[in-house]
Every structure is written in structure tokens, then in C-alpha cells.
Amino acid sequence: MKKYSIISVVNKSYTEFAYVFVKSALEKLNLDNLIEIRLLDTGIDSVDKVKLSSLHPKVVIQTAKAIHNSNEPWDEGWQENVLLKTNFAYDYLFENKVATFMIDIDSMFINTLQDIVELEVDAIVCDRSDLWAGMPAIASFVGFINVENSLNFIKVWRDKMNFMLEKGFKTRETPALNEVIKYNTTLNIAGISHQLVGLYKTDLETDETRILHFKGDGESEGKPIEEAVSIRLNKFKKYNSKIKKYLEDV
């Protein structure tokens, strides 16, 4: 069976998300086929860095060259962390040459990903076209399956992100991803429903859901970052006790 890695980016403000992310992955994924979970640290406390990396030998914390902490959603620190993701993904694929899932740190695993990584495609994106036809893909989950073709995909994506910056977009990662997909003629890019790999609507969970996404919405918008994180972690009420367990001793 194909082996794969998971990568994400975390700063101090999102430390609680990191514990939920890592602990749920270690609990729900087949670790025999998981190469590693590599987190790019852009500002977490040293004690959390040690605690996270000590959870399992396959959890690796890589220190970024720059610290980008955030005080509220979509501020400059948040934007800088987002921009780091695709650079991190490109470097990781180039150096390791393995199938890799880039998943937002504010996510929680509730089921396996093995059948998804086995798909014969170049890349996989989270499809929410049933919710937003104008922006059908969301960058919370991107799977790079064919390494060489995915490297080209990321190059084009980064170019589009720079274009979005010039156009004054408040967020650039997801709009740029949609532009890449819209005009793609060379890559085999598969869309997998948000209900499976990036569920952020609590009433749409199914038995096939693999990943919950604690995406911010109106309830957390404009709140101080600690309060916003707490609101988002309580988004999926049926998992409150599980999340509380993941956050013990944090």
C-alpha cells in the first residue's frame, strides 16, 4: 500500500489545534503507512514543541526561519503563515519525493485516508461546489499524489497567489487554487467532497467523513484569537469530550 506524509503549519495562536490535529491523526490513521506528520513551527512555545514531537517518533516539528504569530483571523501574521504553506509543501515534496497531504492545522481526523492516497491522480483538492459554486475548491486539504506533477502544480499555484496579492485579495490561497483548477489543462486533479476531507458544516457529517475542519465563521469572526479558537473547537458538539481529552495537560 502507498505510504504518505502529512504536513501543516502552526503558530502559537493555533497550538491547541495542533494537539487535536496530531493526537487525532495518531489515533485514527494507519501509522504503518504514514511516513510522518511534519509541522512547520512559526512561533509555538518551546515546551509545546517538545510535547508535540514526543507524542510519537513520526511527529516532526520543523522550525521556520521566521516567526509569524497572529492575533486575529486574516491579519498579517495569519496571511504570512498561509503563504508559507505552499513553499513548505514544495520543499517537502522536492526533498522527500513522497505522496503528501497538506492539511490545515485547525483540522481533526476521524477516519482513515488510505483509500484516498491510493487514487491514480496527480493531485486532490477539497471540493465544496455544492456550497459555493463560485469558489468550488478550498485549500484546507490538498493531496499531492504524483510528486513531479505536483511540484509543477505548486509552482503555478504560487504564481497565482502572487497575482491575487497584486489584485488586492484579502485571502489568496483558496482564490488562487480555484484559478489554477479553472484553467488547468495538463494535470489530473481530483475533487473530493468537503463532507469527506474538510467538513465545516456540522449538519453534513456522514459515515464517510474523514476530516473535520474547525473553519472560522460568523460566530468567531472579530473575536480575540483565544476566544475565537475556543468557539471553533466547540463547533462539532458531538466531539467535545474527545477534543477535551486531546487537550488534557495542554
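Use the structure listed above.
Notes on the structure follow. Computed from a predicted model, the values in this text were never measured in an experiment. (Residues numbered from 1 in each chain as written. Predicted model: local features only at pLDDT ≥ 70, side-chain atom pairs only at ≥ 80, totals over all residues. Heavy atoms only, no water.)

## Section: the overall build of the protein
Assigned secondary structure in the protein consists of nine helices and nine strands. Here the protein has a C-alpha radius of gyration of 17 Å; the compact-globule value for 250 residues is 18 Å, and the two agree. Its C-alpha atoms give the protein principal-axis dimensions of about 50 × 45 × 40 Å. Per-residue burial for the protein yields a buried fraction of 52% across its 250 residues. For the protein, long-range pairs separated by at least 24 residues make up 71% of all intrachain contacts whose partners lie at least 6 apart in sequence. Total accessible area computed for the protein in this model is approximately 11,600 Å², and 49% of it derives from carbon and sulfur atoms. Each charge class in the protein can be summarised by its mean position, and for the 31 positive and 37 negative side chains these summaries are 1 Å apart. (Helix = DSSP H or I, 4+ residues; strand = E, 2+ residues; numbered from the N terminus. Rg over C-alpha atoms; globule rule 2.2 N^0.38 Å. Buried < 20%, exposed > 50% of the residue type's maximum accessible area, 1.4 Å probe, protein only. Contact = heavy atoms within 4.5 Å. Areas by Shrake-Rupley, 256 points an atom, 1.4 Å probe, with all protein chains shown as cover. Lys, Arg positive; Asp, Glu negative; His and termini not counted. Charge placed at Lys NZ, Arg CZ, Asp CG, Glu CD.)

## Here we look at the pairing of strand 1 (residues 4–10)
In regular strands, side chains alternate between the two faces of the sheet. Of all seven residues in strand 1, seven are buried, a share of seventy percent or more. Every second residue of strand 1 is oriented toward a common face, with Y4, I6, S8 and V10 on one face and S5, I7 and V9 on the other, all of them buried. In this structure, strand 1 lies alongside strand 2 (residues 34–41), joined through six bridges in parallel fashion. For S8, the partnering residue across the bridge sits in strand 2 and is L39. After leaving strand 1, the chain enters helix 1 (residues 15–28) and then returns to the sheet as strand 2, a path that is right-handed. In the sheet, strand 1 pairs with strand 4 (residues 99–103) via four bridges, with the strands oriented parallel. Within strand 4, the residue paired with Y4 across the bridge is A99. (Pairing = 2+ DSSP bridges. Right-handed = clockwise from strand over helix to strand, strands pointing away.)

## Describing the environment of I44
Secondary-structure assignment places I44 in the loop between strand 2 and helix 2 (46–53). Note on I44: relative accessible area 9%, which makes it buried. Sequence separation of I44 and K23 is 21 residues, and the distance between their C-alpha atoms is 17 Å. Ignoring sequence-local partners within four residues, the contact set of I44 consists of V10, N11, K12, T15, K49, L52 and I61.

## Some remarks on the sheet that holds strand 7 (residues 137–144)
Strand order in the open sheet formed by seven strands is 3-2-1-4-7-6-8, with mixed pairing between adjacent strands. In this open sheet, the two strands that pair with only one neighbour each are strand 3 (59–63) and strand 8 (189–193). Across the sheet, the mean angle from the axis of one strand to that of its neighbour is 25 degrees, orientation sign disregarded. Against the sheet, helix 1 engages strand 1, strand 2, strand 3 and strand 4, with an angle of about 175 degrees to strand 2. Each of strand 2 and strand 3 is contacted by helix 2, which is oriented at about 150 degrees to strand 3, the strand it contacts most. (Axes fitted to C-alpha atoms, helices over the stretch in contact; angles between N-to-C directions.)

## Focus: the packing of aromatic side chains
With the rule as written, the count across this model stands at nine aromatic pairs. Ring plane angle 65 degrees and centroid distance 5.3 Å describe the contact between Y4 and F101, whose orientation is recorded as edge-to-face. Of this pair, Y4 sits in strand 1 while F101 sits in strand 4; the two residues are 97 residues apart in sequence, bridging distant segments of the chain. Side by side, Y4 and F101 carry an identical accessibility label, which is buried. Pairing Y14 with F17 gives two aromatic rings, centres 5.0 Å apart and planes at 65 degrees, and the pair type is edge-to-face. F17 matches Y14 in its accessibility class, with the two residues each being buried. (Phe/Tyr/Trp six-rings, centres within 6.5 Å; stacked < 30°, edge-to-face > 60°.)

## Observations regarding the nonpolar core
Counting residues in hydrophobic clusters, the biggest one holds 53 residues, and the most contacted among them are I6, F101 and L113. Element by element, the count of residues in this core is highest for helix 1, at eight residues. In contact with F101, not counting residues within four places along its chain, are Y4, S5, I6, I7, L113, I116, V117, I124, F141, V142, G143 and I145. Counting residues in hydrophobic clusters, the runner-up holds 29 residues, among them V9, A64, A123 and V125. (Core = buried A, V, L, I, M, F, W, Y, C linked by side-chain atoms within 4.5 Å.)

## A few points about the layout of surface pockets
By rolling a water-sized probe across the atoms, one finds the places where empty space is left. Estimated volume of the second largest pocket: approximately 300 Å³. Around the second largest pocket, the lining is made up of 14 residues, and of these L40, Q62, K65, F88 and D91 lie nearest the centre. Counting only elements with at least two residues in the lining of the second largest pocket, the list comes to strand 2, strand 3 and helix 3 (76–96). Per-element accounting of the lining of the second largest pocket gives the leading share, seven residues, to helix 3. Across the lining of the second largest pocket, the residue classes break down as six nonpolar, four polar and four charged. (1 Å grid on protein atoms, 1.4 Å probe; cavity = no way out; pocket = protein on both sides within 12 Å on 5 of 7 lines; lining within 4 Å. Points joined across faces, edges and corners; volume = space filled by probe spheres on them. Nonpolar A, V, L, I, M, F, W, Y, C, P; charged D, E, K, R; others polar.)

Spatial relationships are all this shows, so hold off on functional conclusions.
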